[in-house]
Amino acid sequence: MALTDFNLMDPQTLECPYPFYEALHEEAPVHLIPEMGIAVVSTFELLSEVVHDPKTYSSGLATGPVDLPGAFDEDEDPELTELRKKAARSGVPTLLAADPPFHARYRSLVNKALSARRVAGMENYVREIVTDLIDGFINNGKVDFTKEFADELPMSVVADQIGVPRSGLKEFKKRADLAIGGIERQVTPEEERNVLQAKLEFQEWLLERAEERRENPKDDILTTLATAELETDDEPRPLNDDEILSIIEQLQVAGKETTAHLIGSAMLLFIQNPDQLTKVQRDPSLIGNMIEEALRTETPVRALFRTTTREVTLGGVPLPKGTVLMLIYAAANRDECEFANAGDFEVERENARSHLAFSAGPHYCVGAALARLEIRVAFEEVLKRMKHFRLDPDYPEPKRQTSYILRGLEELHIQFEKA
Ligand code: HEM
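Residue indices begin from 1 for each chain and proceed along its sequence in written order. Local features are withheld for residues below a pLDDT of 70 in this predicted model, meaning they are given only at 70 or higher, and side-chain atom pairs are given and counted only at 80 or more; totals for whole chains, interfaces and linings count all residues.

J.: In this structure, what is going on with the overall build of the protein chain? I would like to understand it.
T.: Looking only at helices and strands, the protein chain features 17 helices and twelve strands. For the protein chain, whose C-alpha radius of gyration is 21 Å, the value lies close to the compact-globule estimate of 22 Å for 419 residues. Overall size of the protein chain, expressed as C-alpha extent along the three principal axes, is 60 × 55 × 40 Å. Put simply, a residue is buried when 20 or more other C-beta atoms lie within 10 Å of its own C-beta and exposed when 12 or fewer do; between those, it is partly exposed, and each C-beta is set from the backbone. Within the protein chain, buried positions represent 39% of all 419 residues. Two residues qualify as a contact pair if the distance between their C-beta atoms, derived from the backbone, is within 7 Å. Once local pairs closer than 6 in sequence are excluded, the contacts in the protein chain between residues at least 24 apart make up 74%. Each helix is a run of DSSP H or I of at least 4 residues and each strand a run of E of at least 2, with the numbering of both proceeding from the N terminus. Our radius of gyration is a C-alpha quantity, and the globule rule it is checked against amounts to 2.2 Å times the number of residues to the power 0.38.

J.: When you look at helix H11 (residues 189-215) in this model, what are you seeing that I'm missing?
T.: Structurally, the α-helix is built with 3.6 residues per turn, so residues lying three or four positions apart point the same way. A helix is expected to span 1.5 Å multiplied by its residue count minus one. In a regular helix each residue adds 1.5 Å, so 27 residues correspond to 39 Å; H11 covers 40 Å between its end C-alpha atoms and thus fits that length. Among all positions of H11, only Glu192, Val195, Leu196, Lys199, Phe202, Gln203, Leu206, Ala210 and Arg213 are buried.

J.: Would you mind going over the packing of helix H4 (residues 78-87) against H11 with me for this structure?
T.: When two helices pack together, their arrangement is given by the angle between the helix axes and by the axis-to-axis distance. Viewed as axis vectors pointing N to C, H4 and H11 meet at an angle of 35°, and their least axial separation amounts to 10 Å. Between H4 and H11 lies a crossing whose hand is left-handed. Along its contact with H4, which presents Leu80, Leu83, Arg84, Lys86 and Ala87, the element H11 presents Pro189, Glu192, Arg193, Leu196, Lys199 and Leu200. For the contact of H4 with H11, the per-class residue count stands at six nonpolar, no polar and five charged. Here the axes come from fitting lines to C-alpha atoms, over the contacting stretch only for helices, and the angles between their N-to-C directions go from 0 to 180 degrees. In this scheme the handedness of a crossing depends on how the near helix is turned from the far one: anticlockwise by less than a right angle means left-handed, clockwise means right-handed. Three categories are distinguished: nonpolar for Ala, Val, Leu, Ile, Met, Phe, Trp, Tyr, Cys and Pro, charged for Asp, Glu, Lys and Arg, and polar for the others, with Gly belonging to the last.

J.: In this structure, what is going on with the nonpolar core? I would like to understand it.
T.: If you look at soluble globular proteins, the nonpolar side chains tend to sit buried side by side. Nonpolar cores are built from buried Ala, Val, Leu, Ile, Met, Phe, Trp, Tyr and Cys residues. These are joined into a set through C-beta atoms within 7 Å. Membership of the largest hydrophobic core comes to 97 residues, with the highest contact counts inside it found for Leu327, Ile328 and Tyr329. Looking at this core element by element, the count peaks at twelve residues for helix H13 (residues 241-272). Apart from residues no more than four positions distant in its own chain, Leu327 is found in contact with Val41, Leu47, Val50, Ala303, Leu304, Phe305 and Arg306.

J.: How should I be thinking about the pairing of strand S10 (residues 324-328) in this particular structure?
T.: Where a strand is regular, its side chains alternate between the two sheet faces. Burial runs high along S10: four of the five residues are buried. Note on pairing: DSSP must find at least two bridges between two strands before they are called paired. With four bridges joining them, strand S2 (residues 38-41) and S10 adopt parallel strand pairing. Bridge pairing links Ile38 to Val324 in S10. Sheet topology note: the strand S7 (residues 303-308)/S10 ladder contains five bridges and is antiparallel. Looking across to S10, one finds that Phe305 is bridged to Met326.

J.: I would appreciate a short explanation of the sheet that holds strand S11 (residues 386-391) in the present structure.
T.: Strand pairing within a sheet occurs via backbone hydrogen bonds; the two strands may be parallel or antiparallel. Pairing in this open sheet of three strands is antiparallel, and the strands run S4-S12-S11 from one edge to the other. Every other strand in the sheet has two partners, leaving strand S4 (142-144) and S11 as the edge strands with one partner each. Ignoring strand direction, the axes of neighbouring strands in this sheet form an average angle of 30°. Bridge count between S4 and strand S12 (residues 413-418): three bridges; the pairing is antiparallel. The residue bridging Lys142 from the neighbouring strand is Gln415, located in S12.

J.: Please explain the site of the ligand as it appears in this structure.
T.: Taken together, 26 residues lie around the ligand, and Ala254, Gly255, Thr258, Cys365 and Gly367 are the ones closest in. Looking at the shell around the ligand, the elements that each hand over two or more residues are H13 and helix H17 (368-385). Here the shell around the ligand takes seven residues from H13, the largest share from any one element. Among the residues forming the shell around the ligand, the class breakdown is 17 nonpolar, eight polar and one charged. Using the backbone to place each C-beta atom, any residue with that atom within 6 Å of a molecule or strand is considered near it.

J.: Looking at this structure, how should I read the sheet that holds strand S1 (residues 30-33)?
T.: An order of S1-S2-S10-S7-S3 is seen for the five strands of this open sheet, with the pairing classed as mixed. Two strands bound the open sheet, and with one partner strand each, they are S1 and strand S3 (57-58). Direction of pairing for S1 relative to S2: antiparallel, over a ladder of four bridges. When the sheet's bridge partners are listed, Leu32 is paired in S2 with Ala39.

Just distances and angles here, no functional claims.
Next comes the structure, spelled out in structure tokens:
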């Protein structure tokens, strides 16, 4: 099919975007879509060039322009407008949507909160969470692997890091799910009202916990942020409430869905590629490389955005100042110039780790070490305790969510046996 035959928002293209990515690579690595007001960047080389040059390519619109489908529409409802204004306080650009020099100042604080040392120290409790989750369904011989496992793990880890007591986990999950609902998919005004209410309650709750941390510091991310000193042009100063909310909300959104999607997708890859599963079962030391290969082939953050700050030529295509670029990380990870037989899931692929699933440059995923830890521990325990994974015939074929930013399964009903 020719490039002009594809519509990147089409649910079918979103479910299986690979023929579209091939057409992009062949016909137009920088592909202008005037009716959407964007240019799509799809090759490994050009995408790398963009993410390493934040001065030319701003992150100001990290999740895209407002008029793409799914963004909140302006409407006449004054109550809703008011709620939006209040909840928007966490929208201050700290990480994803920040540019130099401010980005680096916030980023250095979050680097500390998610440092290799702190992440390594989380392994035992991550394993405890994983073990408890598997205990919950191991005797049933079947499970919705996304709902009962993949979604639960990252949420529990984030909750722990912001000080939610175990007894309050259920309530927290309900609220947090609501508070981060409605991202880049169409929501009704009623749904949006609920989302915003939950968000406001969550913000209030979080600021109270931050205050507690200032008085009684703990070894968690919230304490690091509540007691941090931000570098400024004058004197260093503590983070204000809006900045703390902005960072925590991003950790929650960026850390939860993404990791959950990868865990679900990796299980489906195993079911679809039993020879690769056998390799990992025989040699569990391959789990690390398997994770990289799953990130490459089923990239959870399929696309994000940049905006040109000046006139520039990219891949031979002149782009005026203000051009919005959609960076399709998932397409770059399927680029045959970088990855031979890019469509194949090969757990022993030598350069699997050079994928762009965590991006690169200054916005390189600050949670990458934590994500890798969670996914590794998850599969170490799953493969130790379970085997003979297959799709549950009582349910329809697994389907992906229709999002142009994230790629992940809605549900994954599987059957298995105890190992
Ligand atoms: C498999 C799991 C994950 C994937 C695929 C992923 C992917 C990404 C990508 C592609 C970016 C770059 C954004 C850009 O280009 O502008 C990013 C940034 C980010 N990620 Fe992750 N992420 C994952 C897990 C996590 C986790 C566990 C956390 C935190 C708990 C996290 C927090 C963040 C934050 C805060 C940023 C913004 C960093 C910045 O702009 O400096 N992510 N992630």
